[in-house]
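One letter stands for each residue in the lines below.
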Amino acid sequence: MRNLLQKFRRDEDGAAMVEYAVLLGLITAAVIATITLLGGDIAGIFSTVEAAIKAVPGA
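Residues numbered from 1 in each chain as written. Predicted model: local features only at pLDDT ≥ 70, side-chain atom pairs only at ≥ 80, totals over all residues. Heavy atoms only, no water.

Draft legend 1. Looking closely at the overall build of the chain. Looking only at helices and strands, one finds two helices and zero strands in the chain. The burial tally for the chain puts 0% of its 59 residues in the buried class. When the accessible area of the chain is evaluated, it comes to approximately 5600 Å², of which 70% is carbon and sulfur surface. (Helix = DSSP H or I, 4+ residues; strand = E, 2+ residues; numbered from the N terminus. Buried < 20%, exposed > 50% of the residue type's maximum accessible area, 1.4 Å probe, protein only. Areas by Shrake-Rupley, 256 points an atom, 1.4 Å probe, with all protein chains shown as cover.)

Okay, structure coming up:
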């Protein structure tokens, strides 16, 4: 039993997986926040580009 507990304490694979999961969560939250904050502005830019393309003769 003591050897099993020592092995479990030395095993860091689970800790690394948790760190990656937390990092993935933070990145996801940052992407969602960016899209939420800039979504309207980006939609406006695409609308402007669309109007400019439609104004080009032969397009």
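Draft legend 2. Molecular detail of a nonpolar patch on the surface. On the surface, Tyr 20, Leu 23, Ile 27, Val 31 and Ile 35 cluster together into a nonpolar patch covering about 520 Å² of accessible area. Structurally, Ile 27 is set in helix 2 (residues 13-55). (Patch = residues over 30% accessible without salt bridge, like charges linked within 9 Å, V, L, I, M, F, W, Y side chains within 5 Å. Salt bridge = Lys/Arg side-chain N within 4 Å of Asp/Glu carboxyl O.)

Draft legend 3. Geometry of the pattern of salt bridges. Applying the stated criterion across every chain, the model contains one salt bridge. Residue Lys 54 is joined to Glu 50 by a salt bridge in which the shortest nitrogen-to-oxygen separation is 3.2 Å. Remark: Glu 50 and Lys 54 occur in helix 2; sequence separation between them is four residues, near one turn of the helix. The exposed category is assigned to Lys 54, whose relative accessible area is 62%.

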